[in-house]
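As a plain string of letters, each chain reads:
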Amino acid sequence: MDGDRVEIDGGIMEGGGQILRVSTALSCLLGLPLRVRRIRAGRSQPGLRPQHLSGLEIIRDLCDGKLNGGEIGSTEITFTPGKIKGGTHVADTKTAGSVCLLMQVAMPCVLFAASPSELHLKGGTNAEMAPQIDYTVMVFKPIVEKFNFTFNCDIKRRGYYPQGGGEVVVQMSPVKELSPINLTERGTVTKIYGRAFVAGALPIKLAKDMSAAAVRCIRREIRDLYINIQPVREPDDQAIGTGSGIIIIAETSTGCLLAGSSLGKRGKNSDKVGIEAAEKLLQNLKHGGTVDDSLQDQLIIFMALAKGVSRVKSGPITLHTQTAIHFAEQLTKAKFTVTKSEEEDPSNDTYIIECQGMGMINPNL
């Protein structure tokens, strides 16, 4: 501790941008000055990338905070938060860095702002190593809104690797407090749907191939359900660059949403893209949990902030989730327990993530 700065080791566990996102968002919410050392220490390019820097800058701007060490490649930052305010904020990675990761860091903060916020997030909408914007809108949004808040996400333009150029506008109003969630009953899969997209120089035939390959793959396991994966060509005036990909969602009788997705890239056969997404979905359905492995870690910060006990049944706990829990516990008074779920079917690898939330109250409302 330097004065009363919380010291964070950015090189442990998942060791990546997620540590920065969770700890700076909580620093901003709790008014805790922070120092993060060894940022992305184990990565091939250690230190801040454009993606992480724009996330830090939007947090700084949201609360009139002070950020030192905010340069590309920097392996240590100090951050001193101010008071969270609403209004319009812009974050631009100027690369194909993910707008969804920018949303992850900013969203918990603006929930506890003094007035409504509008976030203009620019970068990649469908990027590797991050949720696709379609996942954020189709899966993350309806589930996270169970914490008792709503937001609007308008995809103005899609942007793909390498140049990015996408823009998403997120509007949300502050809340007094967050309610806990209870996602422990999977139910049965009632429908499977999705979208296979191409943009830029790619023909719609590729989207149709991705969709058809995905359906064939799912059919081998699930025979009796109608599967509707729409092939789409993104309008040229709403997409920058060339890209392709697919997301497939399974909806259950209890309202759970689990997904599998994949992105196309040069030299990757479109059938393979479709099959990859289908296999990920089937894998997420197999463990019997109520959330897929992409949603698991994204819920942790909200569970930590909520008032009361949240319970989520998941498949195997990912390193991202373990990391989010570690830093949420270090910075808040939330307490997490992860226990193996007592299943009727012992072959199911399921866990209950339980959290006694800190009960964050918005001081502005």
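Residues numbered from 1 in each chain as written. Predicted model: local features only at pLDDT ≥ 70, side-chain atom pairs only at ≥ 80, totals over all residues. Heavy atoms only, no water.

The name given to the protein in an unreviewed UniProt entry is RNA 3'-terminal phosphate cyclase, with the source organism recorded as Pteruthius melanotis. Checking UniProt for the protein, the heading Catalytic activity (unreviewed entry) contains the comment "a 3'-end 3'-phospho-ribonucleotide-RNA + ATP = a 3'-end 2',3'-cyclophospho-ribonucleotide-RNA + AMP + diphosphate". (UniProt positions renumbered as here; feature names shortened; annotations may be inferred.)

With respect to the overall build of the protein
Check the secondary structure of the protein and you find nine helices and 17 strands. For the protein, whose C-alpha radius of gyration is 20 Å, the value lies close to the compact-globule estimate of 21 Å for 365 residues. The principal-axis extents of the C-alpha atoms in the protein amount to approximately 60 × 50 × 40 Å. Across the 365 residues that make up the protein, the buried fraction comes to 56%. For the protein, the computed accessible surface area is about 15,100 Å², with 50% contributed by carbon and sulfur atoms. Side-chain charges of the protein comprise 42 positive and 39 negative groups, with the mean position of each set lying 3 Å from the other. (Helix = DSSP H or I, 4+ residues; strand = E, 2+ residues; numbered from the N terminus. Rg over C-alpha atoms; globule rule 2.2 N^0.38 Å. Buried < 20%, exposed > 50% of the residue type's maximum accessible area, 1.4 Å probe, protein only. Areas by Shrake-Rupley, 256 points an atom, 1.4 Å probe, with all protein chains shown as cover. Lys, Arg positive; Asp, Glu negative; His and termini not counted. Charge placed at Lys NZ, Arg CZ, Asp CG, Glu CD.)

Some details on the sheet that holds strand 17 (residues 351-356)
Note on sheets: strands pair through backbone hydrogen bonds, and any given pair is parallel or antiparallel. Read across the sheet, four strands follow the order 9-15-17-16 without closing on themselves; strand pairing throughout is mixed. The two strands at the open ends of the sheet, each matched to only one other strand, are strand 9 (182-183) and strand 16 (335-340). Taken together, the two bridges between strand 9 and strand 15 (residues 309-314) define a ladder with parallel strand orientation. Bridge assignment links N182 to a residue of strand 15, and that residue is R311. Relative to strand 16, helix 9 (residues 319-331) is tilted by about 150°, and along the sheet it contacts strand 16 and strand 17. (Pairing = 2+ DSSP bridges. Contact = heavy atoms within 4.5 Å. Axes fitted to C-alpha atoms, helices over the stretch in contact; angles between N-to-C directions.)

Structural notes on the nonpolar core
Counting 81 residues, the largest nonpolar core has F147, F149, F151, L178, L299, F302 and F336 as its most contacted members. The dominant element in this core, judged by the number of residues it contributes, is helix 3 (residues 99-110), at nine residues. For F151, the contacting residues outside a window of four places in its chain are M103, M107, F140, K141, V144, E145, V170, Q171 and M172. Core analysis: the second largest hydrophobic core is formed by 23 residues, V198, A214, L225 and A277 among them. (Core = buried A, V, L, I, M, F, W, Y, C linked by side-chain atoms within 4.5 Å.)

Regarding the UniProt feature "domain: RNA 3'-terminal phosphate cyclase insert" (unreviewed entry) in the protein
When the UniProt feature table is mapped onto this chain, "domain: RNA 3'-terminal phosphate cyclase insert" (unreviewed entry) is found at residues 184-286. Secondary structure content for residues 184-286 is 32% helix and 36% strand, and the end C-alpha separation is 15 Å.

With respect to the layout of surface pockets
Space inside the second largest pocket adds up to approximately 210 Å³. Lining the second largest pocket are R186, G187, T188, V189, E221, I222, L282, Q283, L285 and K286. A per-element tally of the lining of the second largest pocket places helix 6 (residues 270-286) first, with four residues. (1 Å grid on protein atoms, 1.4 Å probe; cavity = no way out; pocket = protein on both sides within 12 Å on 5 of 7 lines; lining within 4 Å. Points joined across faces, edges and corners; volume = space filled by probe spheres on them.)

Section: the pairing of strand 6 (residues 117-123)
Among the seven residues that make up strand 6, five are buried, leaving the element largely enclosed by the rest of the structure. Two elements, strand 5 (residues 87-92) and strand 6, share six bridges in a ladder whose sense is parallel. Residue pairing across strands places V90 opposite H120, the latter belonging to strand 6. In terms of handedness, the path from strand 5 via helix 3 over to strand 6 forms a crossover that is right-handed. (Right-handed = clockwise from strand over helix to strand, strands pointing away.)

Here's the deal with the sheet that holds strand 5
Pairing in this open sheet of five strands is mixed, and the strands run 5-6-8-7-12 from one edge to the other. On the outer flanks of this sheet lie strand 5 and strand 12 (239-240), each paired with one strand and no other. Strands strand 7 (151-159) and strand 8 (166-172) of the sheet are contacted by helix 4 (residues 133-144), whose axis makes an angle of about 170° with strand 7.

Things to note about the domain arrangement of the protein
How big an interface is tends to be reported as the loss of accessible area on association of its parts. By domain assignment, the protein separates into domain 1 (6-183 + 291-358) and domain 2 (189-287). Taking only C-alpha atoms, the centre of domain 1 and the centre of domain 2 are 25 Å apart. Listed per partner, the contact involves 28 residues of domain 1 and 26 residues of domain 2. Viewed at the interface, domain 2 and domain 1 are joined by three salt bridges. Summed over the shared surface of domain 1 and domain 2, the number is seven residue pairs in polar contact (both at pLDDT 80 or more). Elements with a minimum of two residues in the side of domain 1 that touches domain 2: helix 4 and strand 7. The element contributing the most residues to the side of domain 1 that touches domain 2 is helix 4, with six residues. Residues that form the side of domain 1 that touches domain 2 fall into these classes: 10 nonpolar, 10 polar and eight charged. (Domains from an automatic or database assignment. Salt bridge = Lys/Arg side-chain N within 4 Å of Asp/Glu carboxyl O. Polar contact = N/O pair within 3.5 Å; in protein donor to acceptor, adjacent residues only side chain to side chain. Nonpolar A, V, L, I, M, F, W, Y, C, P; charged D, E, K, R; others polar.)

Overview of empty space enclosed by the protein
Over the atoms, a rolled probe matching the size of one water molecule traces out where space is still vacant. Applying the stated criterion to the full structure yields three cavities of 30 Å³ or more. For the largest cavity, the calculated volume is near 150 Å³. Surrounding the largest cavity, 13 residues form its lining, V22, Q104, D297, Q298 and I301 being those nearest its centre. Going through the elements one at a time, helix 1 (17-30), helix 3 and helix 8 (300-305) are the ones with two or more residues in the lining of the largest cavity. Per element, the largest residue contribution to the lining of the largest cavity is four residues, and it comes from helix 1. The computed volume of the second largest cavity comes to approximately 80 Å³. Residue lining of the second largest cavity: G17, L20, R21, T24, Q51, H52, G55, L56, L101, L102 and V105, and that is the complete set. Counting residues per element, the ones that place at least two in the lining of the second largest cavity are helix 1, helix 2 (50-62) and helix 3. Partitioned by chemical class, the residues of the lining of the second largest cavity number five nonpolar, five polar and one charged.

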